[in-house]
Amino acid sequence: EPYVPNANLSGRNLLTLRAPAQMPVYFEAGPARDNTRAVAFADGHCKRLGEPEWQKLKRAYKIP
């Protein structure tokens with residue numbers, strides 16, 4: 001699956017983010033077979049999140 005950008009960051013300066021280690025920048029469009037998805041964060045780290053954890057993060061940052 002392709003990676004999707006966080007549309008909420010369009011036009012924003014990433015240096016102004018309050019919590020870059022928690023802000024998703026790119027993420028897999030859908031979960032993998034193991035029900036996780038890769039997420040790249042604004043501070044540069046990447047992590048595989050379980051689908052429940054991803055849904056919680058998605059709601060918290062109002063990602064469509």
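Shown above is the structure to which this text applies.
A brief look at the structure comes next. Please read these numbers as outputs of a predicted model, since none were measured by experiment.

What counts, and where the lines are drawn
Residues numbered from 1 in each chain as written. Predicted model: local features only at pLDDT ≥ 70, side-chain atom pairs only at ≥ 80, totals over all residues. Heavy atoms only, no water. Buried < 20%, exposed > 50% of the residue type's maximum accessible area, 1.4 Å probe, protein only. Helix = DSSP H or I, 4+ residues; strand = E, 2+ residues; numbered from the N terminus. Pairing = 2+ DSSP bridges. Arc of directions from axis to C-beta. Contact = heavy atoms within 4.5 Å. Core = buried A, V, L, I, M, F, W, Y, C linked by side-chain atoms within 4.5 Å.

Attention now goes to the pairing of strand E3 (residues 36–41). By the criterion of burial, E3 is predominantly enclosed, with five of the six residues buried. Direction of pairing for strand E2 (residues 24–28) relative to E3: antiparallel, over a ladder of three bridges. When the sheet's bridge partners are listed, Phe-27 is paired in E3 with Val-39. Pairing of E3 with strand E4 (residues 46–50), which is carried by five bridges, proceeds in the antiparallel orientation. When the sheet's bridge partners are listed, Arg-37 is paired in E4 with Leu-49.

Those residues of helix H1 (residues 51–60) not exposed but buried are Glu-51, Trp-54 and Leu-57. Seen from one end, H1 has its buried residues packed into an arc of 120 degrees, which puts them on one side. The exposed residues of H1 that point more than 90 degrees off its buried face are Pro-52, Lys-56, Arg-59 and Ala-60. Where H1 is buried, its residues meet E2, E3 and E4.

This brings us to the nonpolar core. One finds Phe-27, Val-39, Phe-41, Leu-49, Trp-54, Leu-57 and Ile-63 forming the largest nonpolar core, which totals seven residues. Of all the elements in the fold, those that place two or more residues in this core are E3 and H1. Ignoring sequence-local partners within four residues, the contact set of Val-39 consists of Pro-24, Tyr-26, Phe-27, His-45, Cys-46, Lys-47, Leu-49 and Trp-54.

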